[in-house]
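Overview (structure and organization)
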Amino acid sequence: MIALKLGVTADDVKNVIIWGNHSSTQYPDVNHAKVKLQGKEVGVYEALKDDSWLKGEFITTVQQRGAAVIKARKLSSAMSAAKAISDHIRDIWFGTPEGEFVSMGVISDGNSYGIPDDLLYSFPVVIKNKTWKFVEGLPINDFSREKMDLTAKELAEEKETAFEFLSSA
């Protein structure tokens, strides 16, 4: 979406983060994203100059993407999930390029972003020698904090529901 809006290829956009759950609460964050425009790398916010789109339509479209794929195809979004799995395997196998990171659903234990432990939560990670590590120290603004906490709360509730179901079975 960002590449289309800026008239560049998807390869020219990097370090967009998906925080949290794979649901309608996931948070696509471009605060740390970069785009290559006319040979120069610039921040996505600076390049787009459209805060309302980035904080509104962009987020809701990404959050509803799975449902939109199902509606459009009248079939499962399994191919989209398969593509994501393939991308993850490629990233694990080859690692992330220097200065770039990817978002990956990983166990939250030991993160520096205030997300509770024991959740499978999507974070920005770098991968080297087939091992992932959290990207540390990214500044988080109040808008992002609220979105990140909302998706963490949903995951914690889902985890609690699953444990309740398992204990009653």
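None of the values given here were measured: they were computed from a predicted structure.

1. A word on helix H7 (residues 142-168)
With 27 residues, H7 should cover 39 Å at 1.5 Å per step; its first-to-last C-alpha distance of 39 Å lies within 8% of that length. Ser-144, Met-148, Thr-151, Ala-152, Glu-154 and Leu-155 are the residues of H7 that are buried. The secondary structure elements touched by the buried residues of H7 are strand E2 (17-19), strand E3 (27-29) and strand E7 (120-128). Its side-chain oxygen placed 3.2 Å from the backbone nitrogen of Phe-143, Asn-141 serves as the N-cap of H7.

2. Topic: the sheet that holds E7
Ordered in space as E6-E7-E8, the three strands form an open sheet in which the pairing is antiparallel. At either end of the open sheet lies a strand with only one pairing partner, and these are strand E6 (102-107) and strand E8 (131-134). Along the sheet, successive strands turn relative to each other by an average axial angle of 60°, direction set aside. Bridge count between E6 and E7: six bridges; the pairing is antiparallel.

3. Topic: the sheet that holds strand E1 (residues 13-14)
Strands sit in the order E1-E4-E5 across an open sheet of three strands; the sheet is antiparallel. Strands with a single pairing partner mark the edges of an open sheet, and in this sheet they are E1 and strand E5 (40-43).

4. Some points on unusual backbone geometry
The phi torsion at Asn-15 lies on the positive side, around 65°, for a residue other than glycine. Within the element layout of this structure, Asn-15 appears in the loop between E1 and E2. Here Lys-130, not a glycine, exhibits a phi torsion of approximately 65°, which is positive. Mapped onto the fold, Lys-130 is located in the loop between E7 and E8.

5. Notes on the pairing of E5
Relative to E5, strand E4 (residues 34-37) runs antiparallel, the two being bridged by four bridges. Directly across from Leu-37, in E5, lies its bridge partner Lys-40. Hairpin connection, E4 to E5: the antiparallel pair is bridged by two residues, and Gln-38 has positive phi, about 50°.

6. Observations regarding the packing of aromatic side chains
Enumeration over the complete set of coordinates arrives at seven aromatic pairs. Each ring, one from Trp-53 and one from Phe-58, has its centre 5.4 Å from the other, and the planes form 40°; the classification is tilted. Note on accessibility: Trp-53 and Phe-58 belong to one class, buried. Note on Phe-123 and Phe-134: the rings are 4.8 Å apart at their centroids and 70° apart in plane angle, and the pair reads as edge-to-face. Placement of Phe-123 in strand E7 and of Phe-134 in strand E8 is noted, with a sequence separation of eleven residues between them. Residue Phe-123 shares its accessibility class with Phe-134, and that shared class is buried. Between the NZ or CZ atom of Lys-5 and the centre of the ring of Trp-53, over which it lies, the distance is 4.7 Å. The residue whose ring lies beneath Lys-55 is Phe-143, and the NZ or CZ to ring-centre distance is 5.0 Å.

7. Comments concerning the environment of Thr-151
Looking at the element boundaries, Thr-151 is found in helix H7. Note: C-alpha distance between Thr-151 and Ser-24 (127 residues apart in sequence) is 8.6 Å. Those residues in contact with Thr-151 that sit more than four places away from it in its chain are Trp-19, Gly-20, Asn-21, Thr-25, Gln-26 and Tyr-121. Among the polar contacts listed, one links the side chain of Thr-151 to the side chain of Thr-25, at a separation of 2.8 Å.

The rules behind these values
- Residues numbered from 1 in each chain as written.
- Predicted model: local features only at pLDDT ≥ 70, side-chain atom pairs only at ≥ 80, totals over all residues.
- Heavy atoms only, no water.
- Helix = DSSP H or I, 4+ residues; strand = E, 2+ residues; numbered from the N terminus.
- Expected span 1.5 Å × (residues − 1).
- Buried < 20%, exposed > 50% of the residue type's maximum accessible area, 1.4 Å probe, protein only.
- Contact = heavy atoms within 4.5 Å.
- Polar contact = N/O pair within 3.5 Å; in protein donor to acceptor, adjacent residues only side chain to side chain.
- Pairing = 2+ DSSP bridges.
- Axes fitted to C-alpha atoms, helices over the stretch in contact; angles between N-to-C directions.
- Phe/Tyr/Trp six-rings, centres within 6.5 Å; stacked < 30°, edge-to-face > 60°.
- Lys NZ or Arg CZ within 6 Å of the ring centre and 35° of its normal.

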